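The lines below spell out each chain.
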Amino acid sequence: MQVLYNANIHTLDDNYPVAEALAIGGGRIIAVGDDHTIRSHCEGMAEFVNLGGKVVIPGLTDAHIHLEHFAMGLQKVDCETSSRGECLERVADRARSTPLGSWISGHGWNQNDWAAGFGSAGDLDAVAAQNPVYLTAKSLHAAWANSAALSLAHIDRDTADPLDGRLGRDEDGNPDGILYESAMELVSRLVPEPDVDQLAEAILNAMPGLWRMGLTGVHDFDRRRCLLALQILKERGDLNLRVLKSIPLEDMSYAISLGIHSGFGDDYLRIGQVKLFSDGALGPRTAAMLGSYTGEPDNKGMLFLDAEELVEHGRTAVDNRLALAVHAIGDRANHEVLNAFAKLRERERSTPGDKNSGSRQMLRHRIEHVQLIHPDDAPRLGALGIVASMQPIHATSDMLMADRFWGERAEHSYAWRTQLDHGAVLAFGSDAPVETPNPFAGLHAAVTRRRPDGRPADNGWYPEQRLGFKEALRAYTTGAAYAAGMEDRLGKLAPGYLADLLVLDIDPFECEPDQLLEIQPQKVMVGGTWVV
Ligand SMILES: [Zn+2]
């Protein structure tokens, strides 16, 4: 048993919101109280850890991450440099530790940030001639390859530009190594996918970074290979992160054949919701809209699944105790998804004593992103018990695009305050690697609606949507736990709860909002074990 004492503990338990000491045993919290009571009860039975007045909060969960892509991304050469030469040096470094002939992947370059501008295949050949090299641009709309990669892809001066793409060429018409848009695929499809063991290794290497940011759990939206890798780590006793794993729609029938419900697994690796996409995204203006995009009278985006189709899939899911997580960005998509959830909730209510299950915990359906919602639809998540799974940092990253493409409708976008006021449970995440998974960056965005550089204004973008710190923290703790069906044991520091917690030297309840960006947990505990 361990006793943490002399601490300023924010428990998020309404019965005992602030405490001084915690007793921990068997991976769980045994008791919460003041120093004197806890210490005198545990005298001689526990190891005592004096936290020197530091702050303790529950461990945080990123409720929307792509763990495979995030972990694999960390393995790539980081090409986000201030000069082209520095990027080439990093590639040279990597080449020295890479077997001859093996691929070198990188990401993050932006020729606009480089005085020297675009690089060429020849530049890469000079530092890594013996390895095919493929480096994607930060925008993901272009890539930079060396001659070895071009030759494996059979790209030469006679290669025609593909539809919706272009090969960069030098003055003699020879490919220069830059691939635009769909031309990227000519090379990217040759880059070998990681095998499961490599992915397990990559996730193992990514975990410490996640802990140091304050994450003790994630809800993952990658696929089968990621689940396999997580199982390997778990078998080895190396999975010190609570993972809720979604199932892609096309694999739903297999889960049903096996008789798997949402919630199958244990407190470390647990099956979550079936993931569906109802529309596209804001950037490419493919999010499904009730009205046209500003300045594009003919464009209302793309609806992939309407309410009827969603109900069709959803019926099969809920009859088999599988919950849904539906990606919905535009106001039309959110409208259709809510229509479908209304029908599905009715069905769940009207089929008590379901033949497949005795469990009657309400299925934890969720909408991923909820980026733009019509005011008439806004109250419906709360009313139907649908979790609003949102990513605060998207608001500050996307605000200029949202203003431009949605105009005044942006008033109803990234509207977490509205959702909370209507009684929806919020679960916050990052969508990493699209954005940083650092939850304190997300907390900052949620309470300020401002970028770290202060834009767009002191009181933020649509400031009426700002949250208080505690409300935002709940979305990363109790809200995420609810979305996983684990609210009876995760997200709070209360007796019987899993001992996942952070020790901080800045009190996020007291500090200036901008200081949230500086918070780095001093110590991190998962299941009673210090991992940082
Ligand atoms: Zn995502």
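For the structure, check the block above.
Residues numbered from 1 in each chain as written. Predicted model: local features only at pLDDT ≥ 70, side-chain atom pairs only at ≥ 80, totals over all residues. Heavy atoms only, no water.

1. Notes on the environment of Val77
Okay, so step 1: Looking at the element boundaries, Val77 is found in strand β9 (residues 77-78).
Okay, so step 2: Taking relative accessible area as the criterion, Val77 reaches 5% and is therefore assigned buried.
Okay, so step 3: Each C-alpha atom of the pair Val77 and Thr316 lies 43 Å from the other, and the pair is 239 residues apart in sequence.
Okay, so step 4: Excluding its chain neighbours within four sequence positions, the residues that come into contact with Val77 are Arg90, Val91, Arg94, Ile104, Ser105, Gly106 and His107. (Helix = DSSP H or I, 4+ residues; strand = E, 2+ residues; numbered from the N terminus. Buried < 20%, exposed > 50% of the residue type's maximum accessible area, 1.4 Å probe, protein only. Contact = heavy atoms within 4.5 Å.)

2. A look at the pairing of strand β17 (residues 269-277)
Remember that side chains alternate between the two faces of the sheet whenever the strand is regular.
Okay, so step 1: Judged by how many residues are buried, β17 sits mostly within the fold: 8 of 9 residues are covered.
Okay, so step 2: Regarding the hand of the β-α-β motif, the stretch spanning strand β16 (residues 242-248), helix α9 (residues 252-258) and β17 is right-handed.
Okay, so step 3: When β17 meets strand β18 (residues 324-328), the two strands line up parallel, connected through 4 bridges. Its bridge partner being in β18, Leu276 is matched across the sheet by Val326. (Right-handed = clockwise from strand over helix to strand, strands pointing away. Pairing = 2+ DSSP bridges.)

3. So, the sheet that holds strand β7 (residues 55-58)
Okay, so step 1: Sheet architecture is open: 6 strands sit in the order β3-β2-β7-β22-β23-β24, paired in mixed fashion. Looking at which strands have only one partner, the edges of the open sheet turn out to be β3 (18-19) and β24 (529-530).

4. Observations regarding the coordination of the zinc ion
Okay, so step 1: Binding of the zinc ion to the protein goes through His64 (NE2), His66 (NE2) and Asp431 (OD), at separations of 2.1 to 2.2 Å.
Okay, so step 2: Mapped onto the polypeptide sequence, the residues donating to the zinc ion form the spacing pattern H-x1-H-x364-D. Residue His64 shares its accessibility class with His66, and that shared class is buried. (Donors = N, O, S within 2.8 Å, 3.2 Å for Na, K, Ca; no water.)

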